[in-house]
Amino acid sequence: MLAIKRLVLDNVSTTEGDTPRISSVKALVKAVSDWRTWIMVFGYMVIVGSSTLSYFYPTLVQGLGYESTMAQYMVIPIYAVSFVAVVASGIIFDRLHQYRGLAIAGWLTLSTVCSIIVCVVYNFTARYVLLIFMASGLWAANALGLSYASSTFGDMEQETKGVALALVNALGNLASIYGSFLFPSDDSPKYLLGFGVISGMCGVGVMIYIGAHILLRR
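Let me sum up the structure you'll find in this document. The residue numbering used here restarts from 1 in each chain and proceeds along that chain's sequence as written. Note on the predicted model: pLDDT of at least 70 is required for a residue's local features to be given, and 80 or more for side-chain atom pairs to be given and counted; whole-chain, interface and lining totals, by contrast, use all residues. Based on all heavy atoms of the structure, the side-chain values leave hydrogens and waters out of the count.

Focus on the packing of aromatic side chains
Aromatic ring pairs are described here by two measures, namely the spacing of the ring centres and the angle between the planes.
Here is step 1: The criterion for an aromatic pair is that two Phe, Tyr or Trp rings (for Trp, the six-membered ring) have centres within 6.5 Å, with stacked assigned to planes under 30 degrees apart, edge-to-face to planes over 60 apart and tilted to the rest. Throughout the structure, instances matching the rule amount to 3 aromatic pairs.
Here is step 2: Seen from their ring centres, tyrosine 79 and tryptophan 139 are 6.4 Å apart, and the 45° between their planes marks the pair as tilted. Linking tyrosine 79 in helix H6 (residues 76-95) with tryptophan 139 in helix H8 (residues 124-152), this pair joins segments that are 60 residues apart in sequence.
Here is step 3: Tyrosine 79 gets classed as partly exposed once you look at its relative accessible area, which sits at 37%.
Here is step 4: For every residue, the accessible area (1.4 Å probe, protein chains only) is compared with the maximum for its type, and the residue is labelled buried under 20%, exposed over 50%, or partly exposed between those bounds. Judged by relative accessible area, which is 29%, tryptophan 139 ranks as partly exposed.
Here is step 5: Note on tyrosine 148 and tyrosine 209: the rings are 6.2 Å apart at their centroids and 40° apart in plane angle, and the pair reads as tilted. Numbering of helices and strands runs from the N terminus, with a helix taken as a DSSP run of H or I at least four residues long and a strand as a DSSP run of E at least two residues long.

Below, the structure written as structure tokens:
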């Protein structure tokens, strides 16, 4: 009953056979022609692109003076706090699902502010603390971004929904390609290029998800 209730809240049909099955080609056409697909794609691209910061956690932590092995251990607090943020956010917005767009915008705002401060503060201890909050915002937004897309596509035919979600995942994760070039070694130790780009992407993400919240409620 709980599973059925959640499907209903997310506008997903709970009965089979009430709509005819459509071909994969038609599902693809319907998915790419729906504006909701693209707003979720671009929003998720921003989140994943910013999350490529995780590739460089050990490098950034080395600036604190830790050697390579200890630098790896010092990454643990970043993921531990992020884990708490993701779980808490998931529990809260499973109940307040209609505010997922605003929640994502809120997490990205936190990451934007932290990233901007990192660009002007060069004390590595302060940067480390900011990195923890920044990562928490990005990982929590990542998890909510997929659930928000899934509920947004809830009233589509199952085949179309499957294609739309695949597009969000596939195109969103393309950001991992260019994200790996944001922190070149010759930009150390400040890494202004990477943090500057991430600040911009997170800021765009805030606008995308606030816009999505407004448009989808209408």
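Text resumes after the structure shown.
Regarding helix H9 (residues 158-172)
Here is step 1: Here, expected helix span is obtained from the residue count minus one, scaled by 1.5 Å. Given a rise of 1.5 Å per residue, 15 residues ought to cover 21 Å, and the 21 Å separating the end C-alpha atoms of H9 matches this to within 8%.
Here is step 2: Looking at the buried side of H9, the elements it contacts are helix H2 (24-32), helix H3 (35-51), H8 and helix H10 (175-179). Working rule for contacts: check all heavy atoms of both residues, and any pair within 4.5 Å makes them a contact.

Let's talk about the environment of serine 50
Here is step 1: As for its placement among the helices and strands, serine 50 is situated in helix H3.
Here is step 2: The class for serine 50 is buried, based on a relative accessible area of 0%.
Here is step 3: Put simply, serine 50 and phenylalanine 195 are 145 residues apart on the chain and 9.0 Å apart in space, counted from C-alpha to C-alpha.
Here is step 4: Residues contacting serine 50, with those up to four places away along its chain left out, are Leu138, Ile198, Met201 and Cys202.
Here is step 5: Polar contact is the term for a pair of N or O atoms within 3.5 Å; when the atoms are in protein, one must be able to donate a hydrogen and the other to accept it, and sequence-neighboring residues count only if both atoms are side-chain atoms. At 2.9 Å, the side chain of serine 50 forms a polar contact with the backbone oxygen of valine 46.

Structural notes on the side chain of serine 82
Here is step 1: When you line up the elements, serine 82 lands in helix H6.
Here is step 2: Taking the relative accessible area as the measure of exposure, serine 82 reaches 2% and is therefore buried.
Here is step 3: A polar contact is formed between the side chain of serine 82 and the backbone oxygen of isoleucine 78, at a distance of 2.8 Å.
Here is step 4: A polar contact is formed between the side chain of serine 82 and the backbone nitrogen of serine 136, at a distance of 3.4 Å.
Here is step 5: Excluding residues within four positions of it along the chain, serine 82 makes contact with Ile132, Ala135, Ser136 and Trp139.

In short, the description is geometric, and any link to function would need to be established separately.
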